[in-house]
Amino acid sequence: MKRLSLAIVTILIHVTVMAKEIKTEIIIRSTPEKIWAILTDFEKYPDWNPFIRSITGTVEEGEKITVNIAPPKNKAMTFKPIILTKTENRELRWLGSILFKGLFDGEHRFELTDNGDGTVRFVHSEQFRGIFVWLFNTENTRNGFIQMNQKLKELAEAESAG
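Residues numbered from 1 in each chain as written. Predicted model: local features only at pLDDT ≥ 70, side-chain atom pairs only at ≥ 80, totals over all residues. Heavy atoms only, no water.

## Overview of the pairing of strand β5 (residues 82-87)
Examined bridge by bridge, β5 and strand β6 (residues 91-97) share 5 bridges and lie antiparallel to one another. Across the sheet, the residue bridging to Lys86 is Leu92, located in β6. Hairpin connection of β5 to β6: 3 residues between the antiparallel strands, including Asn89 at a positive phi of 65°. (Pairing = 2+ DSSP bridges. Helix = DSSP H or I, 4+ residues; strand = E, 2+ residues; numbered from the N terminus.)

See below:
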């Protein structure tokens, strides 16, 4: 019985520490302020953002928001993450869970780094953890990140040029 219990605990520990990460980045010829203004103007997301179709709620640390995503070749999905970090012109990060924490959690992050040469490095990433992470194929979500990054670049560079 001790061996069975030990085996079950070992499996649970192994499964709960499973993680996958998506990390994309793009260089944008603009300022952090202009990019941040686009990223945080959630009312306009349906007009330009092919991946995150909407964000509603109060986007402040500790607050719960509602996010609707539409990964390419997947069904749209709505979830209610909690804002972990909001640092003006630098970082927005939230943590969402499916059903309850520990099954499938995603920590989503937007990071802006001023390169000091008229460009900004935009990092769009998410780390997934939980028991069911091993079931998740990241390819479509990664493609959604890349599509969003490209649209953000086009919009920010057009505004910077204008």
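## What about helix α4 (residues 139-161)?
Taking 1.5 Å of rise per residue, the 23 residues of α4 would be expected to cover 33 Å, and the 33 Å separating its terminal C-alpha atoms lies within 8% of that figure. Summarising the contacts, the buried residues of α4 are in contact with β1 (19-28), α2 (32-39), α3 (45-48), β2 (52-56), β7 (105-114) and β8 (120-129). (Expected span 1.5 Å × (residues − 1). Contact = heavy atoms within 4.5 Å.)

## What to know about the environment of Gly96
With respect to the element layout, Gly96 can be found in strand β6. For Gly96, a relative accessible area of 7% corresponds to the buried category. Sequence separation between Gly96 and Phe128 is 32 residues, and the spatial gap between their C-alpha atoms is 9.5 Å. Residues in contact with Gly96, not counting those within four places in the same chain, are Pro81, Phe104, Asp105 and Gly106. (Buried < 20%, exposed > 50% of the residue type's maximum accessible area, 1.4 Å probe, protein only.)

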